[in-house]
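Each chain is listed here by its residues.
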Amino acid sequence: MRFGPTKFPEPVLVTRPLLPNLDSVQRKLAEVWDSRWITNHGRQHTLLEERLTQFLKVGQLSLFNNGTVALLAACKALGLSGEVITTPFTFAATPHVLNWCRITPVFCDIDPISMNLNPHKLESQITPTTTAIMPVHVFGVPCDVAAIQAVADRHGLKVVYDAAHACGIEVNGEGIGTFGDVSMFSFHATKLFHTVEGGALVCKDAISKTEFDLIRNFGIKNEEEVLMPGINGKMNEIQAAIGLLVLDDLAEEHAKRGALIAAYREALEGIPGITCPPVLPNVKSNNQYFVIRIDAERFGCSRDYVCEEFKKYNVFTRKYFYPLCSQFSCYADLPSASQENLPVATRVAEEVLSLPLYGGLSVNDVQKIVAILRSFAGQKNLPNAVAGC
Ligand SMILES: *Cc1c(COP(=O)(O)O)cnc(C)c1O
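If you're wondering where the values come from, they're calculated on a predicted model, not measured in any experiment.

Asks: Is there a simple way to think about the packing of aromatic side chains in this case?
Replies: Any two aromatic rings considered together are summarised by their centre-to-centre distance and by the angle between their planes. Enumeration over the complete set of coordinates arrives at eleven aromatic pairs. Note on Tyr264 and Phe290: the rings are 4.8 Å apart at their centroids and 5 degrees apart in plane angle, and the pair reads as stacked. Placement of Tyr264 in helix α7 (residues 237-268) and of Phe290 in the loop between β13 (283-284) and β14 (291-294) is noted, with a sequence separation of 26 residues between them. Each member of the pair, Tyr264 as well as Phe290, is classed as buried. Ring centres 6.3 Å apart and planes at 75 degrees place the aromatic pair Tyr305 and Phe376 in the edge-to-face group. Here Phe376 lies in helix α11 (residues 363-376) and Tyr305 lies in helix α9 (residues 303-312), a separation of 71 residues in the sequence. The buried category is assigned to Tyr305, whose relative accessible area is 15%. Chaining the aromatic ring pairs together yields one cluster made of Phe89, Phe139, Tyr289, Tyr320 and Phe321. The ring of Phe91 has Lys191 lying over it, and the distance from NZ or CZ to the ring centre is 5.9 Å. Above the plane of the ring of Phe8 lies Lys368, whose end atom (NZ or CZ) is 4.2 Å from the centre.

Below, the structure is given as structure tokens:
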């Protein structure tokens, strides 16, 4: 069945946080109150570390107060310095963390399909001061982890994954956090699994976990020994308690979003110039995002036009990730930030559009959103050169 375009009565945002039932929150908070222990690694914190270690199928896990501080701690723990190669097609936190560690981010171009760092372009970016690679599993699509590791091994580099989008992803049954030296997860409210604000580092061995735990608690070993200049990276008991409740609701939300993604794929099929995310047979997806690509010439109008027009129908999509991090004024002067170095990322950033996806939407809502999108096709609102055609 096809619908004509109709305006939504209420704004539809790109996502909505998964909110556990308020009664269960009150019961859980009563537990925390009874314990009189509201931060510094209490019972909720211990429980959440255990449950997430299992859920993510990883060896070791350290919770943090957010993903950005977790990533900072990883760079410090691994002693990274000089230059680190990363992708420009990511959230601002990725290069900013490097900058805060006085590391120069070196932007490497991405793969046109996965939109992740292109391992074949990595080697040309390596210099004598390169210490690591920081790839991002963008929108939960796994990086080519084997190819990245091969380059890292050949050059003696560390691999630190920004897995902020990849909570719950498995590749051939293996947790996505098992690759590289360390991975960071973000548990921000806009991510599928969240603790309001929060994050984690995961790694294989207990020695690294001990190091991460020290750094997140000011480097304090015991009452009289401080071993390093650490930071306050601790997740509190209220965050951890919320996380435990969200974890209980995750399977249901995952299934709902899976049905919506199927509805999007079906409704979008055959629209010229619209590309859906790749389907990856060996990957268990987390259904966190649904990001399409709009080829302006084939669709007949640009991504920017679509994003603006959608607002008239109360649909608020997002241009993730536009602009590229390499275009931020703080990085634009780096040699690696030039458009000639990043042709694929430059094009992809012009095409991507993140569509609304959260369990509270219905299949009917998705069909309405696609009907609105279809109505824009061929409106020829193209960037200057092609506008007249
Ligand atoms: C959300 C996000 C982060 C930052 O995580 P916070 O928990 O918000 O600090 C880092 N990288 C990427 C790619 C993200 O999407």
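Now that the structure is up, let's keep going.
Asks: Looking at this model, I keep getting lost on the environment of Met184. Mind explaining?
Replies: Structurally, Met184 can be placed in strand β8 (residues 182-186). Sequence-wise, Met184 and His165 are 19 residues apart; in three dimensions their C-alpha atoms are separated by 9.6 Å. Not counting residues within four places of it along the chain, the set of residues in contact with Met184 comprises Gly67, Ala70, Leu71, Tyr161, Asp162, Ala163, Ala164, Ala200 and Leu201.

Asks: Sorry if this is basic, but what is going on with the site of the ligand here?
Replies: For the ligand, the set of nearby residues contains 15 residues, the closest of which are Gly67, Thr68, Asp162, Ser186 and Lys191. Contacts to the ligand include Lys191, whose side-chain N or O atom sits 3.0 Å from an oxygen atom. The cavity that encloses the ligand is the largest pocket. Elements with a contribution of two residues or more to the shell around the ligand: α3 (67-77), α4 (93-100) and β8.

Asks: How should I be thinking about the pattern of salt bridges in this particular structure?
Replies: Side chains bearing opposite charge may pair, as long as their charged atoms lie close to each other. Taken as a whole and judged by the stated rule, the model has 19 salt bridges. For Asp109, the salt bridge is made with Lys121, and the minimal N-O distance between the two is 3.3 Å. Residue Asp109 is located in the loop between β3 (104-107) and β4 (130-134), and its partner Lys121 is located in the loop between β3 and β4; the two are separated by twelve residues in the primary sequence. When its relative accessible area of 0% is taken as the criterion, Asp109 is described as buried. You can call Lys121 partly exposed: its relative accessible area is 30%. Several salt bridges converge on common partners, so that one network encompasses Glu49, Lys209, Asp213 and Arg216.

Asks: Can you help me understand the layout of surface pockets in this one?
Replies: Gaps left between atoms show up when a probe the size of a water molecule is rolled over them. Reported here for the largest pocket is a volume of approximately 510 Å³. Among the secondary structure elements, those contributing two or more residues to the lining of the largest pocket are α3, α4 and β8. Broken down by element, the residue count for the lining of the largest pocket peaks at three residues, all from α3. When its residues are assigned to classes, the lining of the largest pocket shows twelve nonpolar, 13 polar and four charged. In this model, the second largest pocket occupies a volume close to 360 Å³. In terms of residues, the lining of the second largest pocket owes the most to one element, α7, which gives four residues. Along the lines of polarity and charge, the residues of the lining of the second largest pocket split into 15 nonpolar, six polar and one charged.

Asks: Quick question: what am I supposed to make of the side chain of Glu83 here?
Replies: By the secondary structure assignment, Glu83 is in strand β2 (residues 83-86). A distance of 2.9 Å separates polar atoms of two side chains, one belonging to Glu83 and the other to Thr127. Excluding residues that lie within four positions of it along the chain, Glu83 makes contacts with Ile103, Thr104, Val106, Thr127, Thr129, Thr130, Thr131 and Ala132.

About the thresholds
- Residues numbered from 1 in each chain as written.
- Predicted model: local features only at pLDDT ≥ 70, side-chain atom pairs only at ≥ 80, totals over all residues.
- Heavy atoms only, no water.
- Phe/Tyr/Trp six-rings, centres within 6.5 Å; stacked < 30°, edge-to-face > 60°.
- Helix = DSSP H or I, 4+ residues; strand = E, 2+ residues; numbered from the N terminus.
- Buried < 20%, exposed > 50% of the residue type's maximum accessible area, 1.4 Å probe, protein only.
- Lys NZ or Arg CZ within 6 Å of the ring centre and 35° of its normal.
- Contact = heavy atoms within 4.5 Å.
- Near = heavy atom within 4 Å.
- Polar contact = N/O pair within 3.5 Å; in protein donor to acceptor, adjacent residues only side chain to side chain.
- 1 Å grid on protein atoms, 1.4 Å probe; cavity = no way out; pocket = protein on both sides within 12 Å on 5 of 7 lines; lining within 4 Å.
- Sits in = over half its atoms within 2 Å of the grid points.
- Salt bridge = Lys/Arg side-chain N within 4 Å of Asp/Glu carboxyl O.
- Points joined across faces, edges and corners; volume = space filled by probe spheres on them.
- Nonpolar A, V, L, I, M, F, W, Y, C, P; charged D, E, K, R; others polar.

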